[in-house]
Amino acid sequence: MKRLSFIITLPVTLVILVFALSNRGPVGLTFWPFDSTIDLPIYLVVLASLLLGFILGGLIAWLAGGRIRRQARRLRQETRRQAAEIVDLKKRHGSPPPAGTPGTALVTQSPRPPLPSP
């Protein structure tokens, strides 16, 4: 897995490095309600935009998964409660004897009759 990560990370890093070195020219950023202009290298603007989009996308995905995480948490609690109830019932009533010991009935299903041929 480490090799796969390295194989993917190295080319991506090289592409980002070549992009940054090729696009060092300044670009002026003006934010609408304000009158000031900020001069930044174009690669920084592009990479910052990509990073912001990645973070916003992750935040939206995390918020969308909230219902599923809540349901999983509820199911884990229910499972723990039922496991504790099983342990309590086994303590009160004793464990059932293993199958096949004298005094226990084995329930088997009879085989189904063959289907009539057409």
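Residues numbered from 1 in each chain as written. Predicted model: local features only at pLDDT ≥ 70, side-chain atom pairs only at ≥ 80, totals over all residues. Heavy atoms only, no water.

## Things to note about a positive patch on the surface
On the surface, a cluster of positive charge is made up of R67, R69, R70, R73, R76 and R80. Relative to the helices and strands, R67 resides in helix α3 (residues 66-93). Looking at R67, the relative accessible area reads 62%, which means it is exposed. (Patch = residues over 30% accessible without salt bridge, like charges linked within 9 Å, V, L, I, M, F, W, Y side chains within 5 Å. Areas by Shrake-Rupley, 256 points an atom, 1.4 Å probe, with all protein chains shown as cover. Salt bridge = Lys/Arg side-chain N within 4 Å of Asp/Glu carboxyl O. Lys, Arg positive; Asp, Glu negative; His and termini not counted. Charge placed at Lys NZ, Arg CZ, Asp CG, Glu CD. Helix = DSSP H or I, 4+ residues; strand = E, 2+ residues; numbered from the N terminus. Buried < 20%, exposed > 50% of the residue type's maximum accessible area, 1.4 Å probe, protein only.)

## Side note on a nonpolar patch on the surface
Residues M1, L4, I7, I8, V12 and I16 make up a contiguous nonpolar surface patch of about 640 Å² in total accessible area. As for its position among the elements, L4 is in helix α1 (residues 2-22).

## Re the pairing of strand β2 (residues 37-41)
With five bridges connecting them, strand β1 (residues 26-30) and β2 associate as antiparallel partners. Bridge pairing in β2 links T30 to T37. (Pairing = 2+ DSSP bridges.)

## Quick look at the pattern of salt bridges
A complete count under the given rule lists three salt bridges for this structure. A salt bridge links R81 to E78, with the nearest nitrogen and oxygen atoms 2.6 Å apart. Highlighted residues: R81 and E78, both in helix α3, separated by three residues, approximately one helical turn. A relative accessible area of 31% places E78 in the partly exposed class. With its nearest N and O atoms 3.0 Å apart, the salt bridge here joins R92 to D88. Here R92 and its partner D88 are both found in helix α3, four residues apart, which amounts to about one turn of the helix. Judged by relative accessible area, D88 falls into the partly exposed class, the value being 35%. Several salt bridges share partner residues, and in doing so they unite E78, R81 and E85 into one network.

## As for the packing of helix α2 (residues 42-64) against α3
Packing of α2 against α3 brings their axes to within 4 Å, and their N-to-C directions diverge by 40°. In terms of axis orientation, α2 runs oblique to α3. Contacts from W62, L63 and A64 of α2 reach α3 at G66, R67 and R69. Looking at the contact of α2 with α3 residue by residue, the classes come out as three nonpolar, one polar and two charged. (Axes fitted to C-alpha atoms, helices over the stretch in contact; angles between N-to-C directions. Parallel < 35°, antiparallel > 145°, perpendicular 65-115°, else oblique. Contact = heavy atoms within 4.5 Å. Nonpolar A, V, L, I, M, F, W, Y, C, P; charged D, E, K, R; others polar.)

Function-wise, these values are silent; they only describe arrangement.
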